[in-house]
Amino acid sequence: MRIREPAQRVSPKARLLWLLHSLAAFVVLAAGSYFIARWIGTSRWGWVPDWMDESWWIVPVVVIALCLPALAAEPFVRYAVHRWELSGDVVYARSGFLTREWVFVPVSRIQTVDKSQGWFERLLDLATLEIRTASHAGSSRINGLAYGTAAELAELLARRAEELRDDAT
């Protein structure tokens, strides 16, 4: 039996959010590999291969060549995969880049629903919805939602979880 896709996509602006995250990671990775390779290559330590004296720049070029395609593709792959759905009394979310994660959270088990915004999310009017249960394994996070959608969903889930808890007592 195959698990069907959740019905709702995250905001299209999420691609730009993840592209900004990838760009920030790429700058740190490229700069770090440049400075470390230059430092090691010009150090004249005995354990450093001779080719590093003159060709230390090869290391950051290789790091950039290997990482750039993955960092450029990641936002688009994540957008194609990330989906969510509130179906009956279950929140269903799918996420991932290199691995896939499917999470089913029964609304009756929800303890808290939080929305948060990082710098880039605030800039793009996006938010992350965190759905927490007593069990860490039952918790979920939906990234890349439009802020209005995240606020409405958080309110709906909190209200529905309260109703279901009242019914159970």
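Coordinates for the structure precede this section.
Quick notes on the rules
Residues numbered from 1 in each chain as written. Predicted model: local features only at pLDDT ≥ 70, side-chain atom pairs only at ≥ 80, totals over all residues. Heavy atoms only, no water. Helix = DSSP H or I, 4+ residues; strand = E, 2+ residues; numbered from the N terminus. Contact = heavy atoms within 4.5 Å. Pairing = 2+ DSSP bridges. Axes fitted to C-alpha atoms, helices over the stretch in contact; angles between N-to-C directions. Phe/Tyr/Trp six-rings, centres within 6.5 Å; stacked < 30°, edge-to-face > 60°. Buried < 20%, exposed > 50% of the residue type's maximum accessible area, 1.4 Å probe, protein only. Lys NZ or Arg CZ within 6 Å of the ring centre and 35° of its normal.

**Student:** Give me the lowdown on the environment of Leu164, citing residues and values where you can.
**Tutor:** Mapping Leu164 onto the fold places it in helix α5 (residues 147–168). Put simply, Leu164 and Val107 are 57 residues apart on the chain and 7.7 Å apart in space, counted from C-alpha to C-alpha. Beyond its immediate chain neighbours, meaning those up to four positions away, Leu164 contacts Asp89, Val107 and Ser108.

**Student:** I'd like to hear about the sheet that holds strand β1 (residues 8–9), residue by residue, with values.
**Tutor:** Across the sheet, four strands lie side by side as β1-β2-β3-β4; this open sheet has antiparallel pairing. If you trace the sheet from one side to the other, it starts and ends with β1 and β4 (101–106), each paired once. Helix-sheet contacts for helix α3 (residues 58–81) involve β1, β2 (83–87) and β3 (90–95), and the interaxial angle to β3 is about 155°.

**Student:** An account of the environment of Gln111 is requested, with residue identities and associated values reported.
**Tutor:** When you line up the elements, Gln111 lands in strand β5 (residues 110–116). The residues contacting Gln111, other than those within four sequence positions of it, are Arg132, Thr133 and Ala134.

**Student:** Kindly report on the packing of aromatic side chains, identifying the contributing residues and their values.
**Tutor:** When we look at a pair of aromatic rings, we describe it by the centre distance and by the angle of the planes. Overall, the coordinates contain three aromatic pairs when judged by the stated rule. Measuring from ring centre to ring centre gives 5.1 Å for Tyr34 and Phe35, while their planes differ by 80°; the resulting arrangement is edge-to-face. Residue classification places Phe35 among the exposed positions, given a relative accessible area of 55%. Arranged with centres 5.3 Å apart and planes meeting at 70°, the rings of Tyr34 and Trp56 form a pair that is edge-to-face. Of the two residues, Tyr34 sits in helix α1 (residues 13–41) while Trp56 sits in the loop between α2 (51–55) and α3, which places them 22 residues apart along the sequence. Using a relative accessible area of 14% as the deciding quantity, one classes Trp56 as buried. Over the aromatic face of Tyr79 sits the side chain of Arg15, whose NZ or CZ is 4.3 Å from the ring centroid.

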